[in-house]
Amino acid sequence: AVTAAKITRAHAANDATRVPTRVPARRERFDTLVVGAGFAGAVLAERLAADAGQRVLVVDRRDHIAGNAYDHHDAAGVLVHRYGPHIFHTNSQMVVDYLSRFTAWRPYEHRVLARVGDQLLPVPINRTTLNELYGLGLSTDAEAEAFLAARAEPVAEIRTSEDVVVSSVGRELYETFFRGYTRKQWGLDPSELDRSVTARVPTRTDTDDRYFLDRFQAMPAGGYTAMFARMLDHPNITVRTGVDYRDVRERVEVGHTVFTGPVDEFFDHRFGKLPYRCLDFRHETHERETFQPVAVVNYPGEDVAFTRITEYKHLTGQSHPKTSVSYEFPSDQGDPYYPVPRDENQALYRRYEALARATPDVSFVGRLATYRYYNMDQVVAQALATYRRMCERAPMAGAV
Ligand code: FAD
Ligand code: UDP
């Protein structure tokens, strides 16, 4: 078992060997400074405080906790996600068990439709999609498989996001559902993006129209922000929102820092900027009970600039005479939301990663700090694994 004493001792030792004379006595002391109150930061703050007994300061430059998962009641009283639809899904029982300490769950299985001409068709592409788009009567998996096989274009080596789709469904379906959406979402052609991006949405030959197939799919019953508030509600945790790392780092004395912001920013863009894709959200409230038949409708056509419309009441189950929706407009400017998976970016990230490794008094965790296109559950798992590694290292460091 890891004790607070072990971790705190390790940090004390680090402090002693670093720059003790430059530390003014009046600076506030914490064992750990956590930068970012999203999943990565909140999980580590909770573990360090509640399990290791550390004093933790959490700062976030936004005016709220919960990072990109932040939800709140808008002016009309509808519970919305400020940064786009967040649907929790995972195959990790460990992650479910951990988060279930802070929230109850509302069962929810996500279904998405794509607007193609005047049709609304299921995405990922499944047998129903094919039947409705082409007016077919494919009635078995084998028939749908044969239909797709006749269209699929063989690709020698599947490297890009174009290869993944064209090699499984052919060029026409690729152009209908993927090319325009991807060009809008990433500002790049699918041929310029790693295969992992469109591989997130694999084609099916059955009629299962769920977006995710994970064993556990649910929404936090009271919303994400309430779950985060419970995680951070500990006497050892101090939370300050509207505070940037740059403003606080000289003012506090800490043994360790957990950084969950963009890794290139931490190192002052020393090797150049890592590309992160941004989004502008247009939130609207409508004077009617429902706006669209499902929570998310994708717009793969390049005739509109947005990629999807989300209607939040489908996700939250809230009853309300009005309804609120958001449109997503991808852009190069603004807050970083997505790392952009392609070889040259990964190569640049590797250089930052080497710097991060050479900075042992800072742990880099989460989607922006490790430049990985992670879902929420993957970030929780990564943060829990980071905590375990910190615990393993602490007794050794403390013994030095
Ligand atoms: P974040 O949530 O981004 O938290 C990082 C925090 O650090 C931010 O609040 C930021 O303000 C703060 N910060 C950064 N730099 C500084 C600094 N210098 N000083 C102070 N604070 C700083 N995942 C799913 O599992 N299911 C979904 O349906 C899903 N939908 C998504 C939809 C959209 C539109 C987006 C963008 C993401 C979606 N995700 C989804 C992914 C999910 O948002 C992330 O996996 C998760 O939020 C990442 O958590 P994080 O803590 O790494 O980062
Ligand atoms: N995608 C697409 N058309 C769709 C849905 C997804 O082209 O109708 C591609 C697009 O490149 C997108 C990627 O698949 O960025 C991953 O989709 P996902 O829904 O997982 O994206 P996220 O929810 O992370 O934005």
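Cut-offs and rules
- Residues numbered from 1 in each chain as written.
- Chains lettered and ligands numbered in written order.
- Predicted model: local features only at pLDDT ≥ 70, side-chain atom pairs only at ≥ 80, totals over all residues.
- Helix = DSSP H or I, 4+ residues; strand = E, 2+ residues; numbered from the N terminus.
- Rg over C-alpha atoms; globule rule 2.2 N^0.38 Å.
- Buried ≥ 20, exposed ≤ 12 C-beta atoms within 10 Å, placed from the backbone.
- Contact = placed C-beta atoms within 7 Å.
- Pairing = 2+ DSSP bridges.
- Near = placed C-beta within 6 Å.
- Nonpolar A, V, L, I, M, F, W, Y, C, P; charged D, E, K, R; others polar.
- Axes fitted to C-alpha atoms, helices over the stretch in contact; angles between N-to-C directions.
- Core = buried A, V, L, I, M, F, W, Y, C linked by C-beta atoms within 7 Å.
- Domains from an automatic or database assignment.
- UniProt positions renumbered as here; feature names shortened; annotations may be inferred.

A short note on the overall build of the protein chain
1) Next: Secondary structure summary: the protein chain contains 14 helices and 17 strands in total.
2) Next: Computed over C-alpha atoms, the radius of gyration of the protein chain comes to 23 Å, within 12% of the 21 Å expected from 2.2 N^0.38 for 400 residues, which places it in the range of a compact globule.
3) Next: In the protein chain, which comprises 400 residues, the share counted as buried stands at 41%.
4) Next: Taking the intrachain contacts of the protein chain between residues at least 6 apart in sequence as the baseline, contacts between residues at least 24 apart amount to 75%.

What about the pairing of strand 8 (residues 119-123)?
1) Next: Bridge count for strand 7 (residues 112-116) against strand 8 is five bridges, and the pairing is antiparallel. By the bridge assignment for strand 8, valine 116 is matched with glutamine 119.
2) Next: The antiparallel pairing of strand 7 with strand 8 creates a hairpin that spans two residues between the two strands, and glycine 117 there sits at a positive phi of about 60 degrees.

So, the site of ligand 1
1) Next: The immediate surroundings of ligand 1 are formed by 33 residues, with Gly36, Gly38, Gly67, Gly261 and Gly366 found nearest.
2) Next: Grouping the amino acids of the shell around ligand 1 by side-chain chemistry returns 16 nonpolar, eleven polar and six charged.

Remarks on the sheet that holds strand 5 (residues 88-90)
1) Next: With respect to topology, three strands assemble into an open sheet ordered 5-9-6, the strand pairing being antiparallel. The open sheet has two free edges, formed respectively by strand 5 and strand 6 (105-107), since each of these has just one partner strand. Averaged over all pairs of adjacent strands, the angle between strand axes in this sheet comes to 40 degrees, irrespective of strand direction.
2) Next: Across three bridges, the pairing between strand 5 and strand 9 (residues 216-220) is antiparallel. Counted as the bridge partner of histidine 89 is glutamine 217 from strand 9.

Here's the deal with the nonpolar core
1) Next: Grouped together as the largest cluster of nonpolar side chains are 85 residues, with contacts concentrated most on Leu44, Ala45 and Val58.
2) Next: The element contributing the most residues to this core is helix 2 (residues 39-51), with eight residues.
3) Next: Residue assignment places this core across two domains, with domain 1 (4-106 + 220-273 + 341-399) and domain 2 (112-198) each supplying three or more.
4) Next: In this view, alanine 45 contacts Val34, Val56, Val58, Leu232 and Ile237; residues no more than four positions away in its chain are not counted.

Brief notes about the site of ligand 2
1) Next: Residues in close proximity to ligand 2 total 13 residues, the closest being Phe178, Tyr181, Thr182, Arg200 and Asn298.
2) Next: Those elements that provide at least two residues to the shell around ligand 2 are helix 7 (171-186) and helix 8 (195-198).
3) Next: Ranked by the residues each element gives to the shell around ligand 2, the list is headed by helix 7, at five residues.

Describing the UniProt feature "domain: UDP-galactopyranose mutase C-terminal" (unreviewed entry) in the protein chain
1) Next: Per the UniProt annotation, the sites labelled "domain: UDP-galactopyranose mutase C-terminal" (unreviewed entry) are residues 177-373.
2) Next: End-to-end, the C-alpha atoms of residues 177-373 are 21 Å apart, and along that stretch the chain is 26% helix and 25% strand.

What to know about the environment of valine 80
1) Next: Mapping valine 80 onto the fold places it in strand 4 (residues 79-81).
2) Next: Among the residues examined, valine 80 registers 28 C-beta atoms within 10 Å and is labelled buried.
3) Next: Separated by ten residues in sequence, valine 80 and tyrosine 70 have C-alpha atoms that sit 8.7 Å apart.
4) Next: Among all residues touching valine 80, those that are not within four sequence positions of it are Asp71, His72, Asp74, His283, Tyr312, Ser324 and Ser326.

Digging into the domain arrangement of the protein chain
For interface size, the figure often reported is the accessible area lost on association.
1) Next: Annotation of the protein chain at the domain level lists domain 1 (4-106 + 220-273 + 341-399) and domain 2 (112-198).
2) Next: Inter-centroid distance (C-alpha atoms) of domain 1 to domain 2 is 37 Å.

So, unusual backbone geometry
1) Next: Looking along the chain, the bond that leaves valine 123 and enters proline 124 is cis, with omega of 0 degrees.
2) Next: Of note, proline 124 is situated in the loop between strand 8 and helix 4 (127-134).
3) Next: Residues other than glycine seldom take positive phi values, yet alanine 66 does so here, at roughly 85 degrees.
4) Next: The backbone of tyrosine 371 sits at a positive phi, close to 50 degrees, despite the residue not being glycine.
5) Next: Here tyrosine 371 lies in the loop between strand 17 (362-364) and helix 14 (376-399).

Some points on the environment of aspartate 194
1) Next: Positionally, aspartate 194 belongs in the loop between helix 7 and helix 8.
2) Next: The class for aspartate 194 is partly exposed, based on 19 C-beta atoms found within 10 Å.
3) Next: On a C-alpha basis, the gap between aspartate 194 and glutamate 162 in space is 8.8 Å, while along the polypeptide they are 32 residues apart.
4) Next: Those residues in contact with aspartate 194 that sit more than four places away from it in its chain are Ser161, Pro341 and Arg342.

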